[in-house]
Amino acid sequence: MGAPPGTSRSKRGHFLRAALPCLALTALQSVPAAAQSLTPDLFNPNRGGFAAPDTLPTRRTAGVPQAPSDTLPALPDPNADPRKRQQAPATSRVGQNSTNQVPTYGLPAANGASGSGYDSLNRKRQQPKLYPGQPKPKRPVGPGSPVPPATPDRTLGPPRIAPPPSETAHKVPVPPAMAGNVPGQPLRRRLKVDDDAFGAVGDYAGSFLIKGGLELSAGYDTNPARLNKPIGSPAYVVAPDLLVMSDWERHALVADLRGSFSGYTNNMPATIDGFASPSPVEIDRPDFTGHVDGRLDVDRDFKLTSQLRLRLATDNPGSPNVQAGLQKYPVYAAYGTTLGFDQTFNRFQVAAGATVDRTAYTDSKLTDGSTFSNGDRDFNQYGGIGRFSYDLKPGLKPFVEIEGDTRVHDQAADRNGYFRDSNGGYAKVGSSFEFSRILIGEISVGYTARNYVDPRLSQLAGFLTAGSLIWNASGLTTVKFATDTQIAESTVPGSSGVLVHTYGIEVDHDFRRWLTAVGKFTYGTYDYQNQNRNDKTYSLEGNLIYKLNRNIWIKGTLRHDILNSNQPGSSSQGTVMLVGVRLQN
């Protein structure tokens, strides 16, 4: 049997398929053979990795949408960060154009650079991620940045020096509205530094700062009339005070008014041992001291100054000027004014002024109901004062002060027939101190004299001391020293007047900010000219102040007074005990 027809045709087909490639190879044997280059594209698993996209047999036409599986790989971005893609290993191409390919080795330029600072590749910076509500950071200042606007000072006055960290550490931040940092808010008034945590704050009325206070005390005085034989009485004291200060950039106005009224429930006897008592029956005594100072700044170096002053008081208990048989003390008023100027020439300063003062007494009321005129004690005083100072160094300013005046009485002769019109004055030299706020004040010495019209009254003259010093010994202790010298008028027959020297020292110590102890010692001498009478006074006082808050203080006072006189029966002693409260604002 012969083979089936289908089998022979199949064999011929296999033969032809094997012979055709052999013939093609024989025909092309004269062409040099080339090997395929080994490139990363051979290992690319994506479709189209072996051929160009435009020659793919399965490329997408315009009418057929692109499927995710047909997506072609994106070409690398030359500006992209090379750190975000995998670095290809260094390769070399062999074959055609292999001699023109430059091989690469190692890491590219700027590899591993941070996202901040200078970038040599000029890449776009990555914006920092901000938390919700976090403020956007300001652009750093550098070349080409606009000039920042000047921030206005939200407070008046010169700025403070940078405070130490301890002043702002562990403190609640001040709201912008309170600090005056809100745009468009009016400027806030800079408050002055308050060293006293329990001191009066005061209130502002326009541009004036007003501080007021009232002390109410009650206690006992063993000898309020300062008699040789003590007679005691319960006592009370009412002492108001008022301080008004201007807060202006130029000029100044200050009013300081302080007064007191000492009352006693018991009256003194009208007679002692059958004679009229040297003390009044009613021994209540007022005392007021006030002055108003003004300054007009014409320019930086020239100023006009003025002062109004008033003093209401009585003669001191135990003084020989007190008449016998009085019903109550006569009150005198000493008031006056000073008008002057203050001129500065670099470090040299000249201050001068004219003074006018008047002293007037009320009539004396006697125990028998009659009155006695004190017009012979009324007088006017006209004078002038000049002061020359030189700013030698910071904190030390020596000066020379000269004063002269004339006293003219309303009546030419007094009750004893003496003509007491006089001319007098003083000259003193001293210096003011201000050493690191530890020692502050001034002190001076000099000489004072007064000549009377009546030839029977000799010249009244003596050594003069005046000054006031404050020594801050520590943060808790302060020492104050004060001295003064005056020539006072007298009604003692044959006496020209009284030369009065007063010396005082005070020590304040704070056990706590709210607990303060104050100790005072005062020594005074009274020299009655041509009468061989010399009185010496001693006063030792202690105060304990408990400060509840800025408005209420509780105060206790214990004082012992001694009057030692060379005249028999004129010496006296007395002790005062008071407990009270101070109300202030």
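Just so it is clear, the model here is predicted, and its values are computed rather than measured.

Asker: Just checking my understanding: could you explain the overall build of the chain for this structure?
Answerer: Of regular secondary structure, the chain possesses 3 helices and 23 strands. In the chain, which comprises 585 residues, the share counted as buried stands at 28%. Considering only residue pairs separated by 6 or more positions, the chain has 56% of its internal contacts joining residues 24 or more positions apart. Surface exposure of the chain reaches about 38,400 Å², of which carbon and sulfur atoms provide 60%.

Asker: I tried to follow the pairing of strand β3 (residues 233-246) on my own but got confused; where do I start?
Answerer: It is a general feature of regular strands that their side chains alternate between the two faces of the sheet. Pairing between strand β2 (residues 208-221) and β3: 14 bridges, direction antiparallel. Following the sheet pairing, Leu-209 is matched in β3 by Met-245. Pairing of β3 with strand β4 (residues 252-264), which is carried by 9 bridges, proceeds in the antiparallel orientation. Directly across from Val-238, in β4, lies its bridge partner Phe-261. Taking the residues between adjacent antiparallel strands as the criterion, β3 and β4 are bridged by 5 residues, where His-251 takes a positive phi near 65°.

Asker: How should the packing of aromatic side chains be read in this particular structure?
Answerer: The description of an aromatic ring pair uses the distance of the two centres, along with the angle that the planes make with each other. The final tally for this structure, using the stated rule, is 7 aromatic pairs. With a centroid separation of 6.4 Å and an interplanar angle of 20°, the aromatic rings of Tyr-503 and Tyr-523 are classed as stacked. Note that Tyr-503 is positioned in strand β19 (residues 498-512) and Tyr-523 in strand β20 (residues 515-528), a separation of 20 residues in sequence. A residue is classified by how much of its surface remains accessible, and Tyr-523, at 23% relative accessible area, is partly exposed. Measuring from ring centre to ring centre gives 5.5 Å for Trp-514 and Tyr-546, while their planes differ by 80°; the resulting arrangement is edge-to-face. Taken together, the residues span a long stretch of sequence, with Trp-514 in the loop between β19 and β20 and Tyr-546 in strand β21 (residues 533-547) at a distance of 32 residues. For Trp-514, a relative accessible area of 36% puts it in the partly exposed group. What makes Tyr-546 partly exposed here is its relative accessible area of 37%. By the ring-pair criterion, three or more aromatic residues cluster together here, those being Tyr-503, Tyr-523 and Tyr-538. Above the face of the Tyr-528 ring, Arg-533 is positioned so that its terminal group lies 5.6 Å from the ring centre.

Asker: Looking at this structure, how should I read unusual backbone geometry?
Answerer: Note: most residues except glycine have negative phi, and most peptide bonds are trans. A positive phi angle, near 65°, is found at His-251, a position not held by glycine. Tracing the sequence through the fold places His-251 in the loop between β3 and β4. Judged by relative accessible area, which is 26%, His-251 ranks as partly exposed. Phi angles above zero are rare outside glycine, and Asn-530 is one such case at about 65°. By secondary structure assignment, the location of Asn-530 is in the loop between β20 and β21. Exposure remark for Asn-530: the relative accessible area of 41% places this residue in the partly exposed category.

Asker: Is there a simple way to explain a nonpolar patch on the surface in this structure?
Answerer: A grouping of Phe-345, Phe-348, Phe-388, Tyr-390, Leu-392, Val-400, Ile-402, Val-429, Val-445 and Phe-463 is seen on the molecular surface, where their side chains present a nonpolar patch of about 890 Å² in accessible area. Those elements giving two or more residues to the nonpolar patch turn out to be β13 (379-390) and β14 (396-409). Counting through the fold element by element, Tyr-390 comes out in strand β13.

Asker: What's the story with the confidence of the model for the chain in this structure? I'm lost.
Answerer: Regions with low pLDDT carry predicted coordinates that are not meant to be interpreted in detail. Averaged over all residues, the pLDDT of the chain is 82; the fraction at 70 or higher stands at 72%. In this model residues 67-72 is a low-confidence stretch, pLDDT under 50, and it forms 5 contacts with partners more than four residues away in sequence or in other chains.

Asker: Looking at this model, I keep getting lost on the pattern of salt bridges. Mind explaining?
Answerer: Pairs can form between side chains of opposite charge whenever their charged atoms are close. Applying the stated criterion across every chain, the model contains 24 salt bridges. Note that Arg-309 and Asp-357 form a salt bridge whose closest N and O atoms lie 3.0 Å from each other. With a gap of 48 residues between them, Arg-309 in strand β8 (residues 302-313) and Asp-357 in strand β10 (residues 348-361) connect regions that are remote in the sequence. As a salt-bridge pair, Lys-428 and Glu-401 come within 3.9 Å of each other at their nearest N and O atoms. Placement of Lys-428 in strand β15 (residues 422-435) and of Glu-401 in strand β14 is noted, with a sequence separation of 27 residues between them. For the pair formed by Lys-428 and Glu-401, the shared burial category is buried.

Asker: Could you clarify how one ought to interpret the side chain of Asp-241 in this entry?
Answerer: Looking at the secondary structure, you find Asp-241 in strand β3. A distance of 2.9 Å separates polar atoms of two side chains, one belonging to Asp-241 and the other to Arg-582. What Asp-241 contacts, discounting residues up to four positions off in sequence, is Lys-211, Gly-212, Gly-213, Leu-214, Leu-257, Arg-258 and Arg-582.

Asker: Would you mind showing me how to read the pairing of β13 here?
Answerer: Relative to β13, β10 is paired through 12 bridges, and the arrangement is antiparallel. Each residue of the ladder has a partner; that of Ala-354, found in β13, is Gly-384. Judged from the 11 bridges that link them, β13 and β14 form a sheet pairing that is antiparallel. Each residue of the ladder has a partner; that of Tyr-382, found in β14, is Thr-406.

Asker: Can you help me understand the environment of Gly-524 in this one?
Answerer: Residue position: Gly-524 is located in strand β20. Looking at Gly-524, the relative accessible area reads 3%, which means it is buried. Once you skip the residues sitting within four places of it in the chain, Gly-524 turns out to touch His-501, Thr-502, Asp-535, Lys-536 and Thr-537.

Asker: Sorry, what's going on with the nonpolar core here?
Answerer: Soluble globular proteins tend to pack their nonpolar side chains together in the buried interior. Among the nonpolar cores identified, the biggest contains 10 residues, and these are Ala-225, Leu-227, Ala-235, Tyr-264, Met-268, Ile-283, Val-322, Leu-326, Tyr-329 and Leu-366. Apart from residues no more than four positions distant in its own chain, Tyr-329 is found in contact with Ser-279, Pro-280, Glu-282, Ile-283, Asp-284, Arg-285, Thr-314, Asp-315, Pro-317 and Val-322. By size, the runner-up hydrophobic cluster in this structure holds 6 residues, among which are Tyr-418, Tyr-452, Ile-487 and Leu-499.

Asker: Honestly, the side chain of Ser-364 in this entry has me stumped. Any pointers?
Answerer: Of note, Ser-364 is situated in strand β11 (residues 364-365). For Ser-364, a relative accessible area of 1% corresponds to the buried category. Polar contacts involving the side chain of Ser-364 include one to the side chain of Gln-323, which spans 2.8 Å. When sequence neighbours within four positions are dropped, the list of residues in contact with Ser-364 reads Gln-323, Leu-326, Pro-330, Ser-370, Thr-371, Phe-372 and Asn-374.

Asker: When you look at the environment of Asn-534 in this model, what are you seeing that I'm missing?
Answerer: In this fold, Asn-534 is placed in strand β21. Those residues within four positions of Asn-534 in sequence are excluded, and the remaining contacts are Tyr-526, Asp-527, Asn-564, Ser-565 and Asn-566.

About the cut-offs
Residues numbered from 1 in each chain as written. Predicted model: local features only at pLDDT ≥ 70, side-chain atom pairs only at ≥ 80, totals over all residues. Heavy atoms only, no water. Helix = DSSP H or I, 4+ residues; strand = E, 2+ residues; numbered from the N terminus. Buried < 20%, exposed > 50% of the residue type's maximum accessible area, 1.4 Å probe, protein only. Contact = heavy atoms within 4.5 Å. Areas by Shrake-Rupley, 256 points an atom, 1.4 Å probe, with all protein chains shown as cover. Pairing = 2+ DSSP bridges. Phe/Tyr/Trp six-rings, centres within 6.5 Å; stacked < 30°, edge-to-face > 60°. Lys NZ or Arg CZ within 6 Å of the ring centre and 35° of its normal. Patch = residues over 30% accessible without salt bridge, like charges linked within 9 Å, V, L, I, M, F, W, Y side chains within 5 Å. Salt bridge = Lys/Arg side-chain N within 4 Å of Asp/Glu carboxyl O. pLDDT = per-residue confidence, 0-100. Polar contact = N/O pair within 3.5 Å; in protein donor to acceptor, adjacent residues only side chain to side chain. Core = buried A, V, L, I, M, F, W, Y, C linked by side-chain atoms within 4.5 Å.

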